[in-house]
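Tertiary structure, described
Each chain, written out:
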Amino acid sequence: QVQLVESGGGLVQAGGSLRLSCAASGSIFSINFMGWYRQAPGNNRELVATIPYGGSRNYADSVKGRFTISRDNAKNTVYLQMNSLKPEDTAVYYCNYKDSRYVVWGQGTQVTVSS
């Protein structure tokens, strides 16, 4: 199996920045996708950004130009640098890993942006 451990959430004022990290461990395939999703109260979980192993990044329109996803394949870790945060970015952020066998979710980390 694959396990995900997230870190980096917190409370920040509008316009501020946060960096989320997600480390994967266990039975990791080299060909995989990792990414971030978020869920605000009363809303469905939505894609924020994804990055395949060696591939191109994909972003939700709402975060383009403000968020940057990256990964360190040697550490099996994916990052989400979030700049120019807005109150509407407030949500629980979930790390996601998928390969040909599994789809795995992290436990979630709260991001709260105050106005």
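My aim in this report is to walk through the structure given alongside it, one point at a time. Computed from a predicted model, the values in this text were never measured in an experiment.

With that out of the way, let us pick up the pattern of salt bridges. Within this structure, the stated rule accounts for five salt bridges. Glu 46 is the partner of Arg 38 in a salt bridge, and the nearest nitrogen-oxygen pair spans 2.7 Å. Classification of Arg 38 by relative accessible area gives buried; the value is 6%. Notably, a salt bridge pairs Asp 99 with Arg 101, separated by 2.6 Å at the nearest N-O pair. Residue classification places Asp 99 among the buried residues on the basis of a relative accessible area of 13%. Taking the relative accessible area as the measure of exposure, Arg 101 reaches 32% and is therefore partly exposed. A cluster of three or more residues bridged by salt bridges with shared partners is formed by Arg 38, Glu 46, Arg 66 and Asp 89.

One open sheet accounts for four strands, arranged S1-S3-S8-S7; its pairing is antiparallel. What marks the edges here is a single partner per strand, and that holds for strand S1 (2-7) and strand S7 (67-72). Each strand of the sheet is rotated relative to its neighbour by a mean of 15°, with strand direction disregarded. As judged from the six bridges shared by S7 and strand S8 (residues 77-82), these two strands associate in the antiparallel manner. Among the inter-strand pairings, Ser 70 is bridged to a residue of S8, identified as Tyr 79.

Attention shifts here to the side chain of Ser 21. Along the chain, the position of Ser 21 falls in strand S3 (residues 18-26). For Ser 21, a relative accessible area of 17% gives the class buried. Once you skip the residues sitting within four places of it in the chain, Ser 21 turns out to touch Val 5, Glu 6, Ser 7, Trp 36, Val 78 and Tyr 79.

Next up on the list: the nonpolar core. With 29 residues, the main nonpolar core has Leu 4, Trp 36, Leu 80, Met 82 and Tyr 93 as its most contacted residues. Mapped onto this core, the elements with two or more residues apiece are S1, S3, strand S4 (33-39), strand S5 (46-52), S7, S8, strand S9 (91-98) and strand S11 (109-114).

A few words now on the state of the cysteines. Taken as a whole, this structure holds one disulfide when the rule is applied. Residue Cys 22 pairs covalently with Cys 95 via a disulfide, S to S 2.0 Å. Where Cys 22 bonds to Cys 95 through sulfur, the torsion about that S-S bond is close to -85°, and the disulfide is left-handed. Of this pair, Cys 22 sits in strand S3 while Cys 95 is found in strand S9, placing the two residues 73 residues apart along the sequence. The pair Cys 22 / Cys 95 is uniform in exposure class, with both members buried.

Our focus in this paragraph is the environment of Gly 108. By secondary structure assignment, the location of Gly 108 is in the loop between strand S10 (103-105) and S11. Taking the C-alpha atoms as reference points, Gly 108 and Arg 66, separated by 42 residues in sequence, lie 21 Å from one another. Leaving out residues up to four positions away in the same chain, Gly 108 has contacts with Glu 6, Val 92, Tyr 93 and Tyr 94.

Rules used throughout
Within each chain, residue numbers correspond to sequence positions counted from 1 in written order. Since the coordinates come from a predicted model, pLDDT governs what is reported: local features require at least 70, and pairs of side-chain atoms require 80 or more to be given and counted, while whole-chain, interface and lining totals use all residues. Hydrogen atoms and water are omitted, and side-chain values are computed over all heavy atoms in the structure. For this analysis, a salt bridge means a side-chain nitrogen from Lys or Arg found within 4 Å of a carboxyl oxygen belonging to Asp or Glu. When accessible area is computed with a 1.4 Å probe and restricted to protein chains, residues below 20% of their type maximum are described as buried, those above 50% as exposed, and intermediate ones as partly exposed. At least two DSSP bridges between two strands are needed for those strands to be called paired. The helix and strand labels rest on DSSP assignments: H or I over at least four residues marks a helix, E over at least two residues marks a strand, and numbering proceeds from the N terminus. Helix axes use the C-alpha atoms of the stretch in contact, all axes being lines fitted to C-alpha atoms, and the angles between their N-to-C directions lie in the range 0 to 180 degrees. Two residues form a contact once any of their heavy atoms are found within 4.5 Å. Nonpolar cores were defined as sets of buried Ala, Val, Leu, Ile, Met, Phe, Trp, Tyr and Cys residues, with membership established by side-chain atoms within 4.5 Å. Disulfides are defined as cysteine sulfur pairs within 2.5 Å.

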